[in-house]
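Commentary on secondary and tertiary structure
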Amino acid sequence: MTVLSTSSDGFRLHGEPFRIISGAMHYFRVHPAQWADRLRKARLMGLNTVETYVPWNLHQPEPGTLVLDGILDLPRYLRLAQAEGLHVLLRPGPYICAEWDGGGLPSWLTADTDIRLRTGDPRFTDALDRYLDLLLPPLLPRLAANGGPVIAVQVENEYGAYGDDRAYLEHLAEAFRARGVEELLFTCDQADPAHLAAGSLPGVLTTGTFGSRITESLEQLRAHQPEGPLMCAEFWIGWFDHWGEPHHVRDAADAAADLDRLLSAGASVNIYMFHGGTNFGFTNGANHDHAYAPVVTSYDYDAALTESGDPGPKYDAFREVIARHAPVPDEPAPAPSPKLPPTVVELGDRASLLPHASVLAEPVRVDAGPVTTEELGLRAGYTLYRTTVPVSGDGVLHFAGGVGDRAQVFVDGTPAGVLERERHEEALSVRVPRAGATLDVLVENMGGVNYGPRIGAPKGLLGPVTFDGDALHGWDCHPLALDTAGAVPFAPAADLPSDAGPVFHRGTFEVRTPADTFLALPGWTKGQAWINGFHLGRYWNRGPQRTLYVPAPVLRPGTNELVLLELQATTEPRVHLTDTPDLGPVKP
């Protein structure tokens with residue numbers, strides 16, 4: 001018998017009635033030195049379980065590899081959850097959505113446009129099987145059947161919104177079983193009859209995802225599955241943000257009332273999100289319905305626990321609701337974490353990107369037209385394309401197929417304009433001052449589409465480039481992963497000519513006792529930030545997000561280094577570390 005089983009109306013844990021009261025917290029969005037703190041706060045709110053996705057694209061950056069260290073040390077995360085007395089719902093995908101780059105599918109896989117993703121296509125299932133061959137063995141000791149905390153494992157993720165390949169779902173369920181997963185398997189889909197029908201499997205528990213209309217959603221779930229536990233596997237209590245949109249929030253009393261309705265109906269729940277965390281580095285996803293819309297760096301989600309791990313308004317409200325239905329620890333609710341005193345950081349060193357591109361990445365020579373980022377083997381970051389224009393004069397640069405996702409164009413180092421995928425831009429009028437002028441096109445990958453049929457949409461320059469109808473050939477393509485900015489040759493800003501960008505800026509600041517802080521960049525336009533080599537992520541004055549979260553473990557006593565890559569221009573030689581986050585104006 002599995003540790004967690006089902007009866008006609010609920011769950012059984014070791015044969016005893018059990019209700020799952022879970023919260024979502026993705027280990028890969030939280031600094032690993034803070035995992036234990038966040039898990040303790042989950043228990044104190046009254047949760048008995050935590051849930052996490054598993055991002056295939058980060059755990060297997062190349063075929064045949066497996067990364068399980070640092071922020072990806074999933075076995076350690078599971079050990080810490082168990083030490084805190086928490087069970088775990090594991091959601092290994094292979095597709096996770098999660099507003100995560102590519103929905104978690106690796107770019108080396110999605111770059112093959114012939115593969116039918118998330119189907120029984122052997123090219124997809126073979127790659128998936130080889131990944132599971134590596135991923136599951138180190139996780140088996142952490143499964144409940146072997147004394148670990150993982151009590152249930154999800155098969156795929158909201159598959160009914162995507163496809164109807166029953167054989168594929170059966171293959172995935174059997175793949176888990178064949179590799180030693182004895183735990184309860186479940187699917188989750190939006191509480192819609194068509195989605196539930198297409199995304200479920202006989203013998204596998206069906207759960208729903210919804211944030212409101214509790215009674216109606218549970219009725220839909222019960223109509224699909226006449227008996228067994230009712231569970232909302234994603235109870236949406238907030239939402240994510242796109243660049244250029246307001247910050248989403250949900251009233252705490254409204255969310256708490258719906259949580260109470262769920263628990264009063266006898267249902268189990270996974271709160272999405274209990275703690276959202278951060279899309280550090282180049283990990284944010286994007287949506288693409290009518291237009292491409294990248295997700296911001298913060299994944300605060302208006303969750304019960306804020307991005308920096310402090311109890312938000314929903315924390316106490318949910319704790320009070322949970323206490324009506326289940327035991328809550330008789331301990332005080334956690335206090336906000338200490339914050340660094342406000343600090344000004346002067347950025348006195350500088351290095352232009354364009355002249356130093358070859359220091360950051362050896363160019364790949366392409367004699368014909370430019371190639372995509374995927375063809376260069378680059379998962380995320382920037383690609384610099386360089387060629388010469390054989391004629392001078394005014395004319396139109398045309399980028400066949402557009403750009404993925406934002407291109408800055410320079411002629412002999414002078415900014416000539418910007419093209420954006422979300423605006424469907426493909427042409428730019430420029431003046432070429434001389435025959436043989438250098439054309440640089442710096443293309444930013446703003447995040448892989450994480451939902452729908454456009455997952456795997458290519459990045460970089462997406463087709464031939466012409467000037468007044470004549471194709472430009474002979475490109476040097478620099479794949480700029482920018483995992484760190486350590487190779488940049490900085491010099492004092494006073495020794496360099498003024499540049500509009502893209503420019504690296506560097507400064508140092510002193511810290512007595514490391515504590516959480518927030519990087520504010522008034523006067524800065526768009527770029528990336530690193531502290532002590534840790535990649536905080538993307539900033540953009542388009543908003544809504546106006547500060548970047550800096551986890552305390554990133555800092556060290558004494559001197560700390562801040563590096564910014566400013567793509568456009570800044571009116572300030574300094575930035576601020578503040579004790580208050582600013583995620584922007586809220587959605588009305």
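Structural data are supplied above this passage.
A brief look at the structure comes next. It should be emphasised that the depicted structure is a prediction, and the values quoted were computed from it without experimental measurement. (Residues numbered from 1 in each chain as written. Predicted model: local features only at pLDDT ≥ 70, side-chain atom pairs only at ≥ 80, totals over all residues. Heavy atoms only, no water.)

Notes on the overall build of the chain
Rules: A run of H or I in DSSP counts as a helix once it spans at least four residues, and a run of E counts as a strand once it spans at least two, with each numbered from the N terminus. Here the radius of gyration uses the C-alpha set of atoms, whereas the globule reference equals 2.2 Å times the residue count to the power 0.38. Accessibility here uses a 1.4 Å probe with only protein chains present; expressed as a share of the type maximum, an area under 20% marks a residue as buried, one over 50% as exposed, and anything in between as partly exposed. Residue contacts follow a heavy-atom distance rule, with two residues in contact if any of their heavy atoms lie within 4.5 Å.
Across its full length, the chain holds eleven helices and 35 strands. In terms of C-alpha radius of gyration, the chain reaches 25 Å, essentially the compact-globule figure of 25 Å for 588 residues. By principal-axis analysis of the C-alpha atoms, the chain measures approximately 80 × 55 × 45 Å. Here the chain, with 588 residues, has 59% of them falling under the buried criterion. A sequence separation of at least 24 residues applies to 80% of the contacts in the chain between residues at least 6 apart.

Re the pairing of strand E4 (residues 21-25)
Along any regular strand the residues' side chains alternate between the sheet's two faces. Put simply, the test is: We treat two strands as partners when DSSP finds at least two bridges between them. Here a crossover is taken to be right-handed if, once the strands point away from the viewer, the path from the first strand over the helix to the second is traced clockwise.
With respect to burial, E4 is a largely interior element, five of its five residues being buried. As paired strands, E4 and strand E11 (residues 268-275) are joined by four bridges and run parallel to one another. Residue pairing across strands places Ile 21 opposite Val 269, the latter belonging to E11. The pairing of E4 with strand E5 (residues 49-53) spans three bridges and is parallel. Note on E5: the bridge partner recorded for Gly 23 is Val 50. In terms of handedness, the path from E4 via helix H1 (residues 35-45) over to E5 forms a crossover that is right-handed.

Remarks on the sheet that holds strand E15 (residues 349-352)
The antiparallel open sheet is built from six strands, whose spatial order is E28-E15-E29-E34-E31-E32. Looking along the sheet, the strands with just one partner apiece sit at the ends: strand E28 (491-492) and strand E32 (534-540). Judged from the five bridges that link them, strand E31 (residues 526-531) and strand E34 (residues 558-566) form a sheet pairing that is antiparallel. Bridging from a neighbouring strand, Gln 528 pairs with Leu 565 of E34.

Description of H1
Three or more residues of H1 are buried, namely Trp 35, Arg 38, Leu 39, Lys 41, Ala 42, Leu 44 and Met 45. Looking at the buried side of H1, the elements it contacts are E4, E5, helix H3 (74-83), E11, helix H10 (313-323) and strand E33 (547-550). Gly 46 sits one or two residues past H1 and shows a positive phi near 110 degrees.

Topic: the packing of aromatic side chains
Rules: Stacked, edge-to-face and tilted are the three classes for Phe, Tyr and Trp ring pairs, Trp counted by its six-membered ring, which pair at centre distances within 6.5 Å; planes under 30 degrees apart are stacked, over 60 edge-to-face, the rest tilted. The rule for a charge over a ring is simple: NZ of Lys or CZ of Arg within 6 Å of the ring centre, and within 35 degrees of the ring normal.
Applying the stated criterion across every chain yields a total of 23 aromatic pairs. Clustering of aromatic rings is evident, with ring pairs tying together Trp 56, Trp 108, Phe 124, Tyr 131, Tyr 159, Tyr 162 and Tyr 168. When the ring centre of Tyr 299 is taken as reference, the NZ or CZ atom of Arg 29 above it lies at 3.6 Å. For Lys 526, the ring lying beneath its charged end belongs to Trp 540, and the centroid distance is 4.4 Å.

Focus on the pattern of salt bridges
Rules: Salt-bridge detection follows one rule: a side-chain nitrogen of Lys or Arg within 4 Å of a carboxyl oxygen of Asp or Glu.
Evaluation of the coordinates by the stated rule reveals 38 salt bridges. For the salt bridge of Arg 538 with Glu 444, the shortest nitrogen-to-oxygen distance reads 2.7 Å. With Arg 538 in strand E32 and Glu 444 in strand E23 (residues 437-444), this residue pair connects regions lying 94 residues apart in the sequence. Of the residues examined, Glu 444 reaches a relative accessible area of 2% and is grouped as buried. When the shortest N-O distance is used, the salt bridge between Arg 546 and Asp 582 registers 3.6 Å.

Notes on H3
The condition is simple: Note: the arc covers the axis-to-C-beta directions of the helix.
All buried positions along H3 are accounted for by Leu 74, Pro 75, Tyr 77, Leu 78 and Ala 81. Axial view of H3: buried residues confined to an arc of 160 degrees, hence all on one face. For H3, the elements touching its buried residues are E4, H1, E5, strand E6 (87-91) and strand E7 (150-154). Backbone geometry just downstream of H3 places Gly 85 in the positive-phi region, at approximately 85 degrees.

Observations concerning unusual backbone geometry
Between Tyr 272 and Met 273 the backbone carries a cis peptide bond, its omega angle lying at 0 degrees. Structurally, Met 273 can be placed in strand E11. Note that the residue after Gly 543, namely Pro 544, is joined by a cis bond; omega there is 10 degrees. Positive phi outside glycine occurs at Glu 99, with the angle close to 55 degrees. As for its placement among the helices and strands, Glu 99 is situated in the loop between E6 and helix H4 (107-110). Residue Glu 99 is classed as buried on the basis of its relative accessible area, which comes to 8%. Even without being glycine, Asp 468 reaches a positive phi, approximately 50 degrees. Structurally, Asp 468 can be placed in the loop between strand E25 (465-467) and strand E26 (470-471).

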